[in-house]
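For reference, the chains in residue letters:
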Amino acid sequence: MRIREFAIDDYDAVYALWRDAGEGVRLRPSDERAEIAKKLTRDPDLFLVAEIDGTLVGVIIGAWDGRRGWLHHLAVHSDCRRQGVASALLDEVERRLAARGCLKVNLLVHRDSAGARCLYEQRGYEVMTPYVAMGKEL
Ligand SMILES: CC(C)(COP(=O)(O)OP(=O)(O)OC[C@H]1O[C@@H](n2cnc3c(N)ncnc32)[C@H](O)[C@@H]1OP(=O)(O)O)[C@@H](O)C(=O)NCCC(=O)NCCS
(Lines give C-alpha, C1' and ligand atoms only; values in the text may rest on other atoms or scores of the structure.)
Protein backbone atom coordinates (compact mmCIF):
# COMPACT_ATOMS: atom_id res chain seq x y z
CA MET A 1 0.00 0.00 0.00
CA ARG A 2 1.23 3.49 -0.81
CA ILE A 3 -0.03 6.67 0.83
CA ARG A 4 0.47 9.83 -1.20
CA GLU A 5 -0.97 13.31 -1.64
CA PHE A 6 -4.09 13.79 -3.75
CA ALA A 7 -3.66 15.35 -7.21
CA ILE A 8 -6.54 16.77 -9.24
CA ASP A 9 -6.14 13.93 -11.77
CA ASP A 10 -7.32 11.62 -8.96
CA TYR A 11 -10.64 13.45 -8.78
CA ASP A 12 -12.80 10.96 -10.73
CA ALA A 13 -11.51 7.95 -8.77
CA VAL A 14 -11.90 9.76 -5.46
CA TYR A 15 -15.40 10.96 -6.32
CA ALA A 16 -16.38 7.36 -7.16
CA LEU A 17 -15.10 6.19 -3.76
CA TRP A 18 -17.16 8.83 -2.00
CA ARG A 19 -20.24 8.15 -4.16
CA ASP A 20 -20.11 4.44 -3.33
CA ALA A 21 -19.28 4.88 0.37
CA GLY A 22 -22.91 4.84 1.54
CA GLU A 23 -24.25 6.92 4.43
CA GLY A 24 -20.75 7.56 5.73
CA VAL A 25 -20.05 10.19 3.08
CA ARG A 26 -22.69 12.72 2.05
CA LEU A 27 -21.82 14.28 -1.30
CA ARG A 28 -22.43 18.01 -1.42
CA PRO A 29 -21.68 20.92 -3.77
CA SER A 30 -18.31 21.25 -2.02
CA ASP A 31 -17.35 17.93 -3.57
CA GLU A 32 -17.57 19.12 -7.18
CA ARG A 33 -14.26 19.22 -9.04
CA ALA A 34 -13.88 23.02 -8.93
CA GLU A 35 -14.52 23.08 -5.19
CA ILE A 36 -12.11 20.24 -4.54
CA ALA A 37 -9.51 22.17 -6.57
CA LYS A 38 -9.88 25.01 -4.02
CA LYS A 39 -8.81 22.63 -1.29
CA LEU A 40 -5.48 22.22 -3.08
CA THR A 41 -4.72 25.86 -2.27
CA ARG A 42 -4.94 25.07 1.47
CA ASP A 43 -3.07 22.19 3.13
CA PRO A 44 -2.65 20.06 -0.02
CA ASP A 45 -0.28 17.87 1.99
CA LEU A 46 -3.20 16.86 4.27
CA PHE A 47 -5.37 15.55 1.42
CA LEU A 48 -4.21 11.94 1.08
CA VAL A 49 -5.02 8.90 -0.99
CA ALA A 50 -4.07 5.23 -0.61
CA GLU A 51 -3.10 3.04 -3.54
CA ILE A 52 -2.73 -0.71 -3.79
CA ASP A 53 -0.89 -1.93 -6.90
CA GLY A 54 -1.45 1.49 -8.47
CA THR A 55 -5.22 1.49 -7.89
CA LEU A 56 -6.69 4.23 -5.75
CA VAL A 57 -8.55 2.54 -2.87
CA GLY A 58 -8.79 5.10 -0.09
CA VAL A 59 -9.00 8.81 0.60
CA ILE A 60 -9.08 11.30 3.46
CA ILE A 61 -9.23 15.09 3.52
CA GLY A 62 -7.34 16.63 6.41
CA ALA A 63 -7.44 20.33 7.24
CA TRP A 64 -5.62 22.61 9.69
CA ASP A 65 -7.26 25.87 10.68
CA GLY A 66 -4.46 27.01 12.98
CA ARG A 67 -6.25 25.75 16.09
CA ARG A 68 -7.83 22.38 15.31
CA GLY A 69 -7.27 19.67 12.79
CA TRP A 70 -10.33 18.49 10.89
CA LEU A 71 -10.91 15.25 9.01
CA HIS A 72 -13.43 14.84 6.19
CA HIS A 73 -14.63 12.18 3.77
CA LEU A 74 -12.59 9.17 4.83
CA ALA A 75 -13.55 6.33 2.49
CA VAL A 76 -12.07 2.97 1.49
CA HIS A 77 -13.20 0.86 -1.46
CA SER A 78 -15.55 -1.90 -0.28
CA ASP A 79 -13.24 -4.62 -1.73
CA CYS A 80 -10.32 -3.36 0.36
CA ARG A 81 -11.84 -2.85 3.80
CA ARG A 82 -10.50 -4.41 7.00
CA GLN A 83 -6.98 -4.42 5.57
CA GLY A 84 -5.73 -1.38 7.43
CA VAL A 85 -6.16 1.16 4.62
CA ALA A 86 -8.13 3.68 6.72
CA SER A 87 -5.71 3.19 9.60
CA ALA A 88 -2.75 3.94 7.34
CA LEU A 89 -4.43 7.11 6.04
CA LEU A 90 -5.26 8.21 9.59
CA ASP A 91 -1.74 7.44 10.84
CA GLU A 92 -0.27 9.66 8.14
CA VAL A 93 -2.72 12.56 8.38
CA GLU A 94 -2.47 12.59 12.20
CA ARG A 95 1.33 12.54 11.94
CA ARG A 96 1.28 15.48 9.52
CA LEU A 97 -1.17 17.45 11.67
CA ALA A 98 0.89 16.85 14.81
CA ALA A 99 3.98 18.06 12.94
CA ARG A 100 2.14 21.35 12.32
CA GLY A 101 1.59 21.77 16.07
CA CYS A 102 -2.01 20.56 16.03
CA LEU A 103 -3.12 19.47 19.52
CA LYS A 104 -6.61 18.11 18.71
CA VAL A 105 -8.41 16.66 15.72
CA ASN A 106 -12.18 16.82 15.23
CA LEU A 107 -14.53 15.13 12.77
CA LEU A 108 -18.17 14.38 12.15
CA VAL A 109 -19.40 10.78 11.86
CA HIS A 110 -22.84 9.99 10.48
CA ARG A 111 -24.88 8.37 13.26
CA ASP A 112 -25.55 5.31 11.05
CA SER A 113 -21.86 4.71 10.28
CA ALA A 114 -21.23 2.09 12.95
CA GLY A 115 -18.04 0.85 11.28
CA ALA A 116 -16.51 4.31 11.12
CA ARG A 117 -17.43 4.89 14.75
CA CYS A 118 -15.69 1.66 15.78
CA LEU A 119 -12.63 2.66 13.81
CA TYR A 120 -12.39 6.09 15.41
CA GLU A 121 -13.14 4.85 18.93
CA GLN A 122 -10.52 2.17 18.56
CA ARG A 123 -8.05 4.97 17.65
CA GLY A 124 -8.90 7.04 20.73
CA TYR A 125 -11.46 9.49 19.32
CA GLU A 126 -14.26 10.31 21.77
CA VAL A 127 -17.82 11.52 21.26
CA MET A 128 -17.96 15.19 22.27
CA THR A 129 -21.15 14.80 24.29
CA PRO A 130 -22.03 18.39 25.21
CA TYR A 131 -22.04 19.49 21.57
CA VAL A 132 -24.37 19.26 18.57
CA ALA A 133 -23.07 19.75 15.04
CA MET A 134 -24.16 23.05 13.44
CA GLY A 135 -23.54 24.59 10.02
CA LYS A 136 -24.76 27.31 7.65
CA GLU A 137 -24.73 27.62 3.85
CA LEU A 138 -22.99 30.83 2.69
C1 LIG B 1 -15.01 3.20 7.88
C2 LIG B 1 -13.99 2.80 6.82
C3 LIG B 1 -13.27 4.07 6.32
C4 LIG B 1 -12.95 1.84 7.46
O5 LIG B 1 -11.93 1.57 6.52
P6 LIG B 1 -11.01 0.26 6.65
O7 LIG B 1 -9.84 0.45 5.73
O8 LIG B 1 -11.82 -0.95 6.46
O9 LIG B 1 -10.53 0.33 8.17
P10 LIG B 1 -9.29 -0.43 8.82
O11 LIG B 1 -9.04 -1.71 8.08
O12 LIG B 1 -8.14 0.50 8.95
O13 LIG B 1 -9.89 -0.79 10.26
C14 LIG B 1 -9.15 -0.64 11.46
C15 LIG B 1 -10.00 -1.07 12.63
O16 LIG B 1 -11.17 -0.24 12.73
C17 LIG B 1 -12.28 -1.04 13.15
N18 LIG B 1 -13.26 -1.14 12.06
C19 LIG B 1 -13.12 -0.75 10.78
N20 LIG B 1 -14.24 -0.99 10.08
C21 LIG B 1 -15.10 -1.57 10.92
C22 LIG B 1 -16.43 -2.07 10.78
N23 LIG B 1 -17.10 -1.99 9.60
N24 LIG B 1 -17.03 -2.60 11.86
C25 LIG B 1 -16.38 -2.68 13.05
N26 LIG B 1 -15.11 -2.22 13.25
C27 LIG B 1 -14.48 -1.67 12.19
C28 LIG B 1 -11.70 -2.42 13.47
O29 LIG B 1 -11.26 -2.37 14.83
C30 LIG B 1 -10.52 -2.48 12.52
O31 LIG B 1 -9.53 -3.40 12.95
P32 LIG B 1 -9.67 -4.97 12.57
O33 LIG B 1 -10.02 -5.06 11.11
O34 LIG B 1 -8.31 -5.52 12.91
O35 LIG B 1 -10.77 -5.50 13.45
C36 LIG B 1 -14.67 2.07 5.62
O37 LIG B 1 -15.49 1.03 6.12
C38 LIG B 1 -15.52 2.96 4.75
O39 LIG B 1 -15.04 3.54 3.78
N40 LIG B 1 -16.82 3.10 5.11
C41 LIG B 1 -17.75 3.92 4.32
C42 LIG B 1 -17.45 5.41 4.44
C43 LIG B 1 -17.46 5.92 5.87
O44 LIG B 1 -18.28 5.54 6.70
N45 LIG B 1 -16.51 6.84 6.14
C46 LIG B 1 -16.37 7.48 7.42
C47 LIG B 1 -16.63 8.93 7.30
S48 LIG B 1 -16.55 9.71 8.90
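Let us look at the structure shown here. Per chain, residues are indexed from 1 in the order of the written sequence. The model is predicted, so local features are restricted to residues of pLDDT at least 70 and side-chain atom pairs to those at 80 or more, both for listing and for counting; the totals for chains, interfaces and linings are taken over all residues.

Remarks on the sheet that holds strand β1 (residues 2-5)
Now for step 1: Pairing between strands requires that DSSP locate at least two bridges from one strand to the other. Secondary structure elements are taken from DSSP: a helix is a run of H or I of four residues or more, a strand is a run of E of two residues or more, and numbering for both begins at the N terminus. Across the sheet, five strands lie side by side as β1-β2-β3-β4-β5; this open sheet has mixed pairing. Single-partner strands in this sheet number two, and they are β1 and β5 (105-107). The average angle at which neighbouring strand axes cross in this sheet is 30°, direction not considered.
Now for step 2: The sheet contact formed by strand β3 (residues 55-64) and strand β4 (residues 69-76) spans six bridges and is antiparallel. Looking at β4, one finds that Trp64 is bridged to Gly69.
Now for step 3: What counts as a contact is two residues whose backbone-derived C-beta atoms lie within 7 Å of each other. Axis definition: a line fitted to C-alpha atoms, over the contacting stretch in the case of helices. Angles run 0 to 180 degrees between N-to-C directions. Sitting on the sheet, helix α1 (residues 11-19) touches β2 (47-52), β3 and β4, and the angle it makes with β3 is about 85°.
Now for step 4: Across the face of the sheet, helix α3 (residues 85-99) comes into contact with β1, β2, β3, β4 and β5 while running at roughly 30° to β3.

Considering the environment of Cys102
Now for step 1: Locating Cys102 in the fold gives a position in the loop between α3 and β5.
Now for step 2: Spatially, the C-alpha atom of Cys102 lies 17 Å from that of Ile60, the residues being 42 residues apart in sequence.
Now for step 3: In this structure Cys102 touches Trp64, Gly69 and Leu97, once residues within four positions along its chain are discounted.

Quick notes on unusual backbone geometry
Now for step 1: Of note, the phi angle at Asp43 is positive, near 50°, even though the residue is not glycine.
Now for step 2: Among the structural elements, Asp43 can be located in the loop between α2 (33-39) and β2.
Now for step 3: The exposure label follows from counting other C-beta atoms within 10 Å of a residue's C-beta, where the C-beta atoms are placed from the backbone and the thresholds are 20 or more for buried and 12 or fewer for exposed, leaving partly exposed in between. Note on Asp43: 19 C-beta atoms within 10 Å, which makes it partly exposed.
Now for step 4: The phi torsion at Arg82 lies on the positive side, around 60°, for a residue other than glycine.

Description of the site of the ligand
Now for step 1: Close contacts around the ligand come from 22 residues, with Gly24, Arg81, Ala86, Gly115 and Cys118 the closest.
Now for step 2: Per-element tally for the shell around the ligand: the top contributor is helix α4 (residues 114-122), with five residues.
Now for step 3: Three residue categories are used. Nonpolar comprises Ala, Val, Leu, Ile, Met, Phe, Trp, Tyr, Cys and Pro, charged comprises Asp, Glu, Lys and Arg, and polar comprises the others, including Gly. Class assignment for the residues of the shell around the ligand results in 12 nonpolar, eight polar and two charged. The criterion for a residue being near a molecule or strand is simple: its C-beta atom, placed using the backbone, must lie within 6 Å of it.

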